[in-house]
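The residues making up each chain are set out below.
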Amino acid sequence: CESAVDRIQLTLYALHTTPRVGFAQIAQSASSLLPNLSKSLLHTVSTIPSTHQIPLHHDLLRNSLQSILSSLLLITFINSIPQSTPPCPSPPPPQLPSLQNLITTLTESLSEQQQQQQAQDVFRILFYPEEYLFAMCNVVSELTRLCVNRVVQGDYVFVPIARAYVAEVYSGLRLLNLRNDGLRRKVDGVKYDVKRIEEIMYDLTVRKLVEVVPPPAYENEGPREDCEEKRMGMEG
């Protein structure tokens, strides 16, 4: 299972050195490895005598499970962004698939219907929500590194796209009431990645390398004086 995880991560690592026009090919190559990854994970779980004992062996697979979910989240993000480099007026809305969506993607990579049903039942037990949250934090760190490398290659437009995605993830993580454990510390560390991306975005904006677009809610907003007059008229 670990070797299959390493192969898909090595494939996705090419994002740091490949022009954005090649991102789709990298995502496709990584997706082609999902069937072997699913089979390897099923084979590993099959060594456990009963599905009821899977939680007892969960800690042994924790790192691999987090890496699998991180890879799936990154593939989904890459497939959702524009593959061309010309500037776009505003980033596309971020896509945050749920844990169930990721499990479905993993099981649908299998060709046989019987294997899909078996994988669906096993993966629902195997993948904890905590692993999903860890994976989201890992993707934020990976996108922060990717932003730095994209700027080095002159792909400035990638930064606001990644920034919108990271902001969406961070806003959701902040709503969680976590106990003081490893997950809490991991989530708290996301703010430093967010700060790093904000610093990169600030530098690009100051140098006029990216265009800052107002939020859609303010695009059609009238003058402040008109709003005040309407409010006074309603009160009167």
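What you see is a predicted model, and the numbers here were worked out from it, not measured in a lab.

Thresholds, definitions, all that
- Residue positions within a chain follow its written sequence, with the count starting from 1.
- Local features in this predicted model are restricted to residues of pLDDT 70 or higher, and side-chain atom pairs are both shown and tallied only at a pLDDT of 80 or more, whereas totals for entire chains, interfaces and linings draw on every residue.
- Think of the side-chain values as coming from all heavy atoms in the structure, minus any hydrogens and water.
- Only protein atoms enter the 1 Å grid used here. Points where a 1.4 Å probe fits but cannot escape make up a cavity, open sets with protein on both sides within 12 Å along at least five of seven lines make up a pocket, and a residue lines them when an atom lies within 4 Å of a point.
- Grid points are joined across faces, edges and corners, and a volume is the space filled by probe spheres set on the points.
- Put simply, DSSP H or I for four residues or longer makes a helix, DSSP E for two residues or longer makes a strand, and each gets a number counted from the N terminus.
- Note on residue classes: Ala, Val, Leu, Ile, Met, Phe, Trp, Tyr, Cys and Pro are nonpolar, Asp, Glu, Lys and Arg are charged, and everything else, Gly too, is polar.
- Axis lines are fitted to C-alpha atoms, over the contacting stretch for helices. Their N-to-C directions set the angle, which ranges from 0 to 180 degrees.
- Roughly parallel here means an angle under 35 degrees, roughly antiparallel means over 145, roughly perpendicular means 65 to 115, and every remaining angle is called oblique.
- Put simply, a crossing is left-handed when the front helix is turned counterclockwise from the back one by less than a right angle, and right-handed when it is turned clockwise.
- Any two residues whose heavy atoms approach within 4.5 Å are treated as being in contact.

1. Comments concerning empty space enclosed by the protein
Reasoning step 1: Evaluated as defined, the whole model comprises two cavities of 30 Å³ or more.
Reasoning step 2: Taken together, Leu 73, Leu 96, Pro 97, Tyr 132, Met 136, Val 139, Tyr 165 and Val 169 form the lining of the second largest cavity.
Reasoning step 3: Among the elements of the structure, helix H7 (129-152) and helix H8 (158-173) are those that each provide at least two residues to the lining of the second largest cavity.
Reasoning step 4: Top contributing element to the lining of the second largest cavity by residue count: H7, with three residues.
Reasoning step 5: Taken together, the residues of the lining of the second largest cavity sort by class into eight nonpolar, no polar and no charged.

2. Some words on the packing of helix H1 (residues 2-13) against helix H3 (residues 34-46)
Reasoning step 1: Running from amino to carboxyl end, H1 crosses H3 at an angle of 155°, the nearest separation of the two axes being 9 Å. On the basis of their axis angle, the class for H1 and H3 is roughly antiparallel. The two elements H1 and H3 meet at a crossing, and its hand is left-handed. Judged by residue contacts, Ala 4, Val 5, Arg 7 and Ile 8 of H1 engage Leu 34, Asn 36, Leu 37 and Ser 40 from H3.

3. What to know about the packing of H1 against helix H2 (residues 23-31)
Reasoning step 1: Their axes nearest at 9 Å, the elements H1 and H2 cross at an angle of 175°. Compared by their axis directions, H1 and H2 come out roughly antiparallel. Mapping the contact onto sequence places Ile 8, Thr 11 and Leu 12 in H1 and Ile 26, Ser 29 and Ala 30 in H2.
Reasoning step 2: Considering only residue class, the contact of H1 with H2 consists of four nonpolar, two polar and no charged.

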